[in-house]
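Descriptive structure summary
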Amino acid sequence: MYQFTGCPCSVCGKPLTDTDDIVVCPDCGAPYHRVCYENQGACVYADKHGSFEWTPPASARPEHKCPNCGAPNPESATRCSHCGYLFGNGQTPPPRVDASRQAQQPAGGGFNYARLYQEAQGGTWQSSAASAVEPIDGISGDDWATYIGPASPAYLREFARMQRYGRKSSVCFSALLFGPLYFFYRKAWKPAFAFLAVDLLLNLPALLELLVLSESSLAPAISSSTLILLAQIASILSFVVMVLSGMFAKYLYRRSAAERIRRIEAEFPEKAQREAVLRAQGGVSWAAVVGVFTAMVVAGALFSLLLGPNVEAVTSLLL
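Reading the values: the criteria
Residues numbered from 1 in each chain as written. Predicted model: local features only at pLDDT ≥ 70, side-chain atom pairs only at ≥ 80, totals over all residues. Heavy atoms only, no water. Patch = residues over 30% accessible without salt bridge, like charges linked within 9 Å, V, L, I, M, F, W, Y side chains within 5 Å. Areas by Shrake-Rupley, 256 points an atom, 1.4 Å probe, with all protein chains shown as cover. Salt bridge = Lys/Arg side-chain N within 4 Å of Asp/Glu carboxyl O. Helix = DSSP H or I, 4+ residues; strand = E, 2+ residues; numbered from the N terminus. Buried < 20%, exposed > 50% of the residue type's maximum accessible area, 1.4 Å probe, protein only. Phe/Tyr/Trp six-rings, centres within 6.5 Å; stacked < 30°, edge-to-face > 60°. Lys NZ or Arg CZ within 6 Å of the ring centre and 35° of its normal. Disulfide = S-S within 2.5 Å. pLDDT = per-residue confidence, 0-100. Contact = heavy atoms within 4.5 Å. Core = buried A, V, L, I, M, F, W, Y, C linked by side-chain atoms within 4.5 Å. Expected span 1.5 Å × (residues − 1). Bend = angle between axes of the 7 residues up to and from the residue.

Here we take up a nonpolar patch on the surface. There is a patch of nonpolar side chains on the surface, built from I236, F239, V240, M242, V243, L244 and F248 and spanning about 590 Å² of accessible area. The topology assignment puts V243 in helix α9 (residues 224-267). Given a relative accessible area of 31%, V243 falls into the partly exposed group.

This part covers helix α4 (residues 141-148). Burial runs high along α4: 7 of the 8 residues are buried. Restricting attention to buried positions, one finds in α4 the residues G141, D143, W144, A145, T146, Y147 and I148. The first or second residue beyond α4 is G149, which carries a positive phi of 100°.

In the Ramachandran plot, D137 falls in the positive-phi region, its phi being about 55° despite a non-glycine side chain. One can find D137 in the loop between α3 (113-122) and α4. Although it is not a glycine, K187 adopts a positive phi angle of roughly 60°. Mapped onto the elements of the fold, K187 is located in the loop between α7 (180-185) and α8 (189-213).

In this section: the packing of aromatic side chains. Aromatic ring pairs: the centre-centre distance and the angle between the two ring planes describe each pair. A complete count under the given rule lists 11 aromatic pairs for this structure. With 5.0 Å between their ring centres and 65° between their planes, Y32 and Y37 make a pair best called edge-to-face. With centroids separated by 5.8 Å and ring planes inclined at 55°, the aromatic side chains of Y155 and F159 adopt a geometry described as tilted. Taken as a pair, Y155 and F159 lie in helix α5 (residues 152-165) at a separation of 4 residues, close to a single helical turn. Accessibility assignment for this pair places Y155 and F159 in one class, buried. An aromatic cluster is present here, built from W144, Y155, F159 and Y253 joined pairwise through their rings. Stacked on the ring of F52, the Lys or Arg K48 has its end atom at 5.7 Å from the ring centre.

Within this structure, the stated rule accounts for 0 disulfides. As a non-bridged cysteine, C43 has C28 as the owner of its nearest cysteine sulfur, 3.6 Å distant.

Once that is clear, we can look at the confidence of the model for the protein. On average, the protein scores 77 in pLDDT, and the residues at 70 or more come to 72%. Across the protein, α7 holds the top mean pLDDT of 96, while helix α2 (residues 99-102) sits lowest at 43. Low pLDDT, under 50, characterises residues 95-114; the stretch is placed with 40 contacts to residues that sit more than four places away or in other chains. Here residues 117-133 is a poorly scored stretch, pLDDT under 50, and it has 36 contacts once near neighbours within four places are set aside; other chains count.

Counting 35 residues, the largest nonpolar core has W144, Y147, I148, F159, Y182, F183 and Y253 as the members making the most contacts within it. In this structure, F4, L16, V23 and A30 belong to the second largest nonpolar core, which totals 12 residues.

Here we take up the environment of S174. Inspection of the secondary structure puts S174 in helix α6 (residues 173-178). Sequence spacing of S174 and G246 is 72 residues, and the spatial spacing of their C-alpha atoms is 7.4 Å.

If you walk through the whole model with that rule in mind, you get 6 salt bridges. Across the salt bridge formed by R34 and D21, the nearest N and O atoms sit 2.8 Å from each other. Here R34, found in helix α1 (residues 34-40), pairs with D21, found in the loop between β1 (2-3) and β2 (22-24); they are 13 residues apart in sequence, far enough to count as distant. For R34, a relative accessible area of 36% puts it in the partly exposed group.

Right, let's talk about α9 for a bit. Since the α-helix packs 3.6 residues into each turn, any two residues three or four apart lie on the same face. The terminal C-alpha atoms of α9, which comprises 44 residues, lie only 56 Å apart, well short of the 64 Å expected from a rise of 1.5 Å per residue. At F248, α9 shows its maximal bend, which comes to roughly 60°.

Okay, here's the thing in structure tokens:
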């Protein structure tokens, strides 16, 4: 197959250019300007069809397909105009990559998120230049990476494996150790407030027990043995919740993030604007962590006021 730039039109004789609308006779391969062909009404070599095949002049440039991305290039080209691969370097061509995705990588290198996803799916990169990488939860790797931020390589790898094998569990030590604070840090608001509410609820028996021990006027009319039993059950449930949080935190974060990314994609179809919004609403939030931690400290201080004058005695008893 030839590139017809520089070849004469078979009707008007003018050289064809890269910007011309070119048509080729399906019988003999003669090239034309589309307008010239339509005005002519038929191939000028129609009476020779069957025994004639158009031969390009020496100026015609045969296509040189890039071994990296498969894009056509002039025979004289030393570097692919699409992906930048250097021809004739004596090296084994690298696995093919989608040139459009490669162009979106940082100039100084970085991660090819599409390739990262593909490797997580099965370990091998697609060899076709036009191969499309399946999205995660219907969202492209680029939008995921923009939303998650610097930690996206690790998260995308886990999300891809979870989607491939249909599993929801993946150990997250940050959530295991810090509980709701992990979700506030990752801006996963729904699971953050849900786990915070569960934590407060499970700490209620211990708080009631402190009120009883301090002989506070707000102490409930519940026997100490009942409160101790409730506190033990709550302690066991707290451990269970902590383990569940560590096992399913990444899945909950993935679901929360996917919901927000889809909403942003629907509201901002233009790429540049969408990426700006994804960066603003994604990433992490130290402010949320500090805010929640401060609120818990303040709440603890207010609760100590409810214990009344016996707060020091209760504290020494517990210690």
